[in-house]
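# Residue-level structure breakdown
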Amino acid sequence: MYIILLGAPGAGKGTLAKMIEKKFGISHLSTGDILRDNVNRKTCVGNQAKEYMNNGKLVPDDIMIQMVKGRVLEEDCKTGFVLDGFPRTIEQAEALELIFNGLNVTIDAVLNLKASQETIIERLSGRIICNGCEVIYHTENIPPKFEGKCDKCGDKLYQRDDDKKDVVKKRLIVYKTRTKKLISYYERQNSFYEIDANKKADEMFVEVCKNLEKVGKSG
Ligand code: AP5
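A brief structural summary. (Residues numbered from 1 in each chain as written. Predicted model: local features only at pLDDT ≥ 70, side-chain atom pairs only at ≥ 80, totals over all residues. Heavy atoms only, no water.)

## Description of the side chain of Arg36
Stated precisely, the cut-off is as follows: Per the convention used, a helix needs a DSSP run of H or I reaching at least four residues, while a strand needs a run of E reaching at least two, with both numbered from the N terminus. In this description, contact between two residues means that some pair of their heavy atoms is separated by no more than 4.5 Å.
Mapped onto the fold, Arg36 is located in helix α2 (residues 31-40). Apart from the residues within four sequence positions on either side, Arg36 is in contact with Ser30, Met53, Tyr158 and Arg160.

## What about the packing of aromatic side chains?
Condition: Paired rings are identified among Phe, Tyr and Trp, the last through its six-membered ring, by centres lying within 6.5 Å, and are further divided according to the angle between planes into stacked (under 30 degrees), edge-to-face (over 60) and tilted (the rest). Accessible area is worked out with a 1.4 Å probe on protein chains only. A residue is then buried under 20% of its type maximum, exposed over 50%, and partly exposed in between. We call a charge positioned above a ring when the Lys NZ or Arg CZ atom is no farther than 6 Å from the ring centre and deviates by at most 35 degrees from the ring normal.
If you walk through the whole model with that rule in mind, you get 4 aromatic pairs. Here Phe81 and Phe100 contribute two aromatic rings whose centre-to-centre distance is 5.9 Å and whose plane-to-plane angle is 20 degrees, an arrangement assigned as stacked. With Phe81 in strand β3 (residues 81-84) and Phe100 in helix α5 (residues 90-103), this residue pair connects regions lying 19 residues apart in the sequence. By relative accessible area, Phe81 is classed as buried at 1%. Here Tyr185 and Tyr186 contribute two aromatic rings whose centre-to-centre distance is 5.0 Å and whose plane-to-plane angle is 80 degrees, an arrangement assigned as edge-to-face. Judged by its relative accessible area of 16%, Tyr185 falls in the buried class. One aromatic cluster in this structure is built from Tyr2, Phe81 and Phe100. Positioned above the aromatic ring of Phe24, the side-chain terminus of Lys23 is 5.8 Å from the ring centre.

## A word on the site of the ligand
Let me state the cut-off plainly: Here a residue is considered near a molecule or strand provided that any single heavy atom belonging to it is located within 4 Å of it. Here a polar contact is taken to be a pair of N or O atoms separated by no more than 3.5 Å, where protein atoms must pair a possible hydrogen donor with a possible acceptor and residues adjacent in sequence count only if both atoms sit in side chains. Under this grouping Gly is polar, as are all residues other than the nonpolar Ala, Val, Leu, Ile, Met, Phe, Trp, Tyr, Cys and Pro and the charged Asp, Glu, Lys and Arg.
The environment of the ligand is made up of 35 residues, and the closest members are Thr15, Lys57, Arg88, Arg127 and Arg171. Interatomic distance of 2.9 Å between a side-chain N/O atom of Gln92 and a nitrogen atom of the ligand. Secondary structure elements with two or more residues in the shell around the ligand: α1 (13-24), α2, α6 (117-126) and β6 (136-138). If you tally residues by element for the shell around the ligand, the top one is α2, at 4 residues. Residues that form the shell around the ligand fall into these classes: 14 nonpolar, 10 polar and 11 charged.

This is the structure:
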């Protein structure tokens, strides 16, 4: 199964992708996670990407397209994947179409997570992530059992550098000016679904599963 998640920063793409990964047994490909891993390991891509990410800007298309092209060829992607954070520009969407053609597969669903501005700000300001296994928590909505500690692996929880107020503002502007255009790119397709992302994560997941059943995917 092949799924694309669209939505503003903080809409809940990563949270939903992890639920889909668990239920349907497909890999969660988050370009944000791949980039952060490269930044932490100080790789060539990481060193190039860091400045863009910390300023709320998009990393150049050529870097992102090469990264995704390589990642989808890995063994764990053979039975499908859920893409979180890619595509983000029309150029990336066009490149993705070629990638899918090359793999000889079609997109089963494009899910557009629609959340209000208030929801987005509230979610990003409370987000905390596990340093070890990358589980996503929220200080109010989805808190860990013990403050600052991951329920799953016990590692420390941290706030992302780009979740600081001034960077969030820039990321939202970039979303509105560049990424939102992808909605009209994909909404003409049968596989496009709009999801109410203001709901609780479990409720949102139920809505997603209902839509996936319509395309014959029930996990
Ligand atoms: P990336 O990591 O992809 O960030 P993003 O798209 O801005 O999205 P987020 O990860 O901030 O939010 P999310 O929608 O996944 O929400 P989450 O589930 O965490 O990208 C970071 C940067 O990398 C970009 O700015 C760019 O520089 C670069 N980049 C990445 N991909 C690129 C590309 N293709 N091209 C160019 N540059 C690229 O949820 C948020 C919070 O809300 C969490 O605390 C969660 O617990 C909580 N929450 C989630 N859902 C719910 C719910 N339903 N109810 C209550 N709480 C909820």
